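Summary of structural features
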Amino acid sequence: MATELEELIDFLTAPSPPVKKAAVDIVRGLTGSEDGLHSLSNYANTVLSSLSRLLSDEKEVSEPAAEALVNLSQNAGLAAKMVEMGMIKIAMDLLYKPGSSITRLLVMLLVNLTQLDDGISSLLQIGDDKMQGLYVMKLVRSFCRSSETNDDPFDHVGSILVNISKKEEGRKMLLDPKRGLLKQIIRQFDSSSPLRKKGVSGTIRNCCFEAENQLQNLLLISEFLWPALLLPVAGNKIYSEQDT
């Protein structure tokens, strides 16, 4: 006989929209507590696959489903399962679906998943020679364009860039002069958003670990790099201790 939690999880795939919405709202609530996370983790494969399918549903269903996945992805074990089941590709495909209403939540989900090495490799598309770097190029382009809007759904991309730049393959991709990604990112250093600025400075810092091997590529963007590095220690503008 199915338990109450098993019945609830089954309702995530119910044909009735009101039942499905009620179920996903309850699941979202459960993900906000340690006890709820622990209970749901016992049914991880079913819960994660059901919630991932709901991401393409109407906003009243997709939004709580995305919020639940963001909460669940803060658990390293559940995040690893998400990466394994292809959640990065699902998120990236939906992120650029016209009219998406959960852009910010999908970006936050990617931030959590790229805390893991396998998540970084998945986002970098390591092993796919034809597509490698496409996801990162899309995110950087969106990061740089969205800064012109008041409601910036891509500001957390800065945290994703910090995460991938912790890995050698990520730093090499960002420093590749043919892609010109770091050059675009550096221009966002003067953003008024503390979150965006922190992402840019953290990415620059990580990429400078490749100075010995990538000196020529760093010099190619020196006209953008040096001001970003020197501004915090010159002039009257107040920067945080971490930025400095």
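Please refer to the structure higher up on the page.
First, a word on scope: everything that follows refers to the structure included in this document. As the structure is a computational prediction, the values presented were derived from the model and not from experiment. (Residues numbered from 1 in each chain as written. Predicted model: local features only at pLDDT ≥ 70, side-chain atom pairs only at ≥ 80, totals over all residues. Heavy atoms only, no water.)

**Quick notes on the pattern of salt bridges**
The condition is simple: The working definition used for a salt bridge is a side-chain nitrogen of Lys or Arg within 4 Å of a carboxyl oxygen of Asp or Glu. Helix numbers and strand numbers start at the N terminus; a helix is a DSSP run of H or I with at least 4 residues, a strand a run of E with at least 2. Relative accessibility under 20% of the residue-type maximum defines a buried residue, over 50% an exposed one, and the middle range a partly exposed one, all with a 1.4 Å probe and only protein chains included.
This structure, assessed with the given rule, holds 10 salt bridges. With a closest N to O distance of 4.0 Å, lysine 59 and glutamate 63 form a salt bridge. With lysine 59 and glutamate 63 both in helix α5 (residues 59–72) and 4 residues apart, this pair spans about one turn of that helix. Residue glutamate 63 is classed as partly exposed on the basis of its relative accessible area, which comes to 25%. For aspartate 152, the salt bridge goes to arginine 196, with nearest N and O atoms at 2.3 Å. Taken as a pair, aspartate 152 in the loop between α10 (134–146) and α11 (157–164) and arginine 196 in helix α14 (residues 194–207) lie far apart in primary sequence, 44 residues in all.

**Some thoughts on a negative patch on the surface**
Counted only if it meets this: Only residues whose relative accessible area exceeds 30% and that take part in no salt bridge are eligible for patches, with like-charged residues grouped when within 9 Å of each other and nonpolar side chains (Val, Leu, Ile, Met, Phe, Trp, Tyr) grouped when within 5 Å. Each accessible area is a Shrake-Rupley estimate made with a 1.4 Å probe; only the visible protein chains count as cover when residues are assessed. Charge counting follows a simple rule: Lys and Arg are positive, Asp and Glu are negative, and His as well as the terminal groups are ignored. Where a charge sits is defined by one atom per residue type, namely NZ (Lys), CZ (Arg), CG (Asp) or CD (Glu).
Together, Glu84, Asp117, Asp118 and Glu169 give the surface a local cluster of negative charge. Here aspartate 118 is to be found in helix α9 (residues 117–124).

**Remarks on the environment of glutamate 67**
Note the threshold: Should any heavy atoms of two residues lie within 4.5 Å, those residues are counted as being in contact.
Secondary-structure assignment places glutamate 67 in helix α5. Taking the relative accessible area as the measure of exposure, glutamate 67 reaches 23% and is therefore partly exposed. Along the backbone, glutamate 67 and leucine 55 are 12 residues apart, and their C-alpha atoms lie at a distance of 10.0 Å. When near neighbours in sequence (up to four residues on either side) are disregarded, glutamate 67 contacts Arg28 and Leu105.

**Some remarks on the packing of aromatic side chains**
The condition is simple: The rule is short: rings of Phe, Tyr and Trp, with Trp giving its six-membered ring, pair when the centres are within 6.5 Å, and they are stacked under 30 degrees, edge-to-face over 60, tilted in between. Placement of a positive charge over a ring is assigned whenever Lys NZ or Arg CZ falls within 6 Å of the ring centre and within 35 degrees of the normal to the ring plane.
Counting across every chain of the model gives 1 aromatic pair. Relative to phenylalanine 154, the ring of tyrosine 96 has its centre 6.4 Å away and its plane inclined at 25°; by these criteria the two rings are stacked. Linking tyrosine 96 in the loop between α7 (87–95) and α8 (103–113) with phenylalanine 154 in the loop between α10 and α11, this pair joins segments that are 58 residues apart in sequence. Overall, phenylalanine 154 belongs to the buried group, its relative accessible area being 10%. A cation over an aromatic ring shows up here: arginine 196 above the ring of phenylalanine 143, its NZ or CZ 4.1 Å from the ring centre.

**Comments concerning α7**
Going by this rule: This arc describes the spread of directions from the helix axis toward the C-beta atoms.
Listing the buried residues of α7 in full gives Met87, Ile88, Ala91, Met92, Leu94 and Leu95. One side of α7 holds all its buried residues, which, seen down the axis, span an arc of 165°. Lining the buried residues of α7 we find α4 (44–54), α5, α6 (76–84), α8, α9 and α10.

**Section: the packing of helix α12 (residues 168–175) against α14**
Defined as follows: Structural elements are reduced to axes, namely lines fitted to C-alpha atoms, with helices fitted over the stretch in contact, and the angle between N-to-C directions of any two is expressed from 0 to 180 degrees. When an angle is under 35 degrees it counts as roughly parallel; over 145 it counts as roughly antiparallel; between 65 and 115 it counts as roughly perpendicular; any other value is oblique. Only Asp, Glu, Lys and Arg are considered charged, only Ala, Val, Leu, Ile, Met, Phe, Trp, Tyr, Cys and Pro nonpolar, and every remaining residue, Gly among them, polar.
Where α12 contacts α14, the two axes come as close as 10 Å, and the packing angle between them is 105°. The angle between α12 and α14 falls in the class roughly perpendicular. Residues Arg171, Leu174 and Leu175 of α12 lie in contact with α14, whose contacting residues are Thr203, Asn206 and Cys207. Tallied by class, the residues present in the contact of α12 with α14 amount to 3 nonpolar, 2 polar and 1 charged.

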